[in-house]
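Here is how the chains run, residue by residue.
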Amino acid sequence: MADAAGDDRTSESGGPSRLRDLGSYIRDQRNRAQLSLRNLAKLAGVSNPYLSQIERGLRKPSAEILQAIAKALRISAETLYVKAGILEERGDELDVEAALALDGHLTDAQKQALIEMYRSFRQLVELRGDDEEAGGLRGLVERLTTTGDDREDDEPDTAPDEASEGTA
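Reference entry: report on the structure contained in this document. (Residues numbered from 1 in each chain as written. Predicted model: local features only at pLDDT ≥ 70, side-chain atom pairs only at ≥ 80, totals over all residues. Heavy atoms only, no water.)

**Here we look at the packing of aromatic side chains**
Here comes step 1: For the coordinates displayed, the defined rule picks out zero aromatic pairs.
Here comes step 2: Above the ring of tyrosine 25, the side-chain terminus of lysine 83 is found at 4.6 Å from the ring centroid. (Phe/Tyr/Trp six-rings, centres within 6.5 Å; stacked < 30°, edge-to-face > 60°. Lys NZ or Arg CZ within 6 Å of the ring centre and 35° of its normal.)

As structure tokens, then:
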């Protein structure tokens with residue numbers, strides 16, 4: 001199992017209270033996922049004592065360890081990075097995955113399904129190379145379901161207009 005070689009017992013960014021907040025957040029997420037400390041440690045590939053120290057705010061985990069924990073908890077690694085002080089919190093965007101994880105009205109299965117759908121939509125937008133606001137999903141679906149040749153041959157928008165103009 002991976003240990004935290006090189007991890008300090010003190011925080012370089014944010015101090016001990018930030019580490020306690022991070023550890024508390026991880027513990028809360030673990031409890032919400034109904035995982036024991038041992039099971040989460042196994043899923044994340046870290047030792048039980050090390051994970052316990054993280055949850056108690058005694059160790060500062062690396063970004064790699066945080067990513068493994070996030071994956072095991074099925075939450076956003078970005079959320080853990082922000083809580084650990086590795087990334088700055090973005091004020092203009094909501095963490096959709098964290099919001100879903102906190103929603104008490106959804107079952108765990110529903111939360112996971114929504115998170116997976118959200119991630120797949122985000123990946124599609126990233127693959128496209130731009131982030132259109134209005135009609136982005138419709139345009140994306142059209143591009144995925146039609147080829148360039150299909151679009152050139154069909155031209156459905158001009159035929160009805162020309163027919164109605166000719167009869168007037």
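**Quick notes on the pattern of salt bridges**
Oppositely charged side chains may form a pair once their charged atoms are brought near each other.
Here comes step 1: Under the counting rule described, the total for this entry stands at two salt bridges.
Here comes step 2: The salt bridge involving arginine 27 is made with glutamate 55; its shortest N-O contact spans 3.6 Å. Taken together, the positions of arginine 27 in helix H1 (residues 15-32) and glutamate 55 in helix H3 (residues 48-55) put the pair 28 residues apart, joining distant regions of the chain.
Here comes step 3: For arginine 27, a relative accessible area of 27% gives the class partly exposed.
Here comes step 4: A relative accessible area of 5% places glutamate 55 in the buried class.
Here comes step 5: Connected via shared salt-bridge partners are Arg27, Arg30 and Glu55. (Salt bridge = Lys/Arg side-chain N within 4 Å of Asp/Glu carboxyl O. Helix = DSSP H or I, 4+ residues; strand = E, 2+ residues; numbered from the N terminus. Buried < 20%, exposed > 50% of the residue type's maximum accessible area, 1.4 Å probe, protein only.)

Such coordinate-based values are descriptive only and should not be taken to indicate function.
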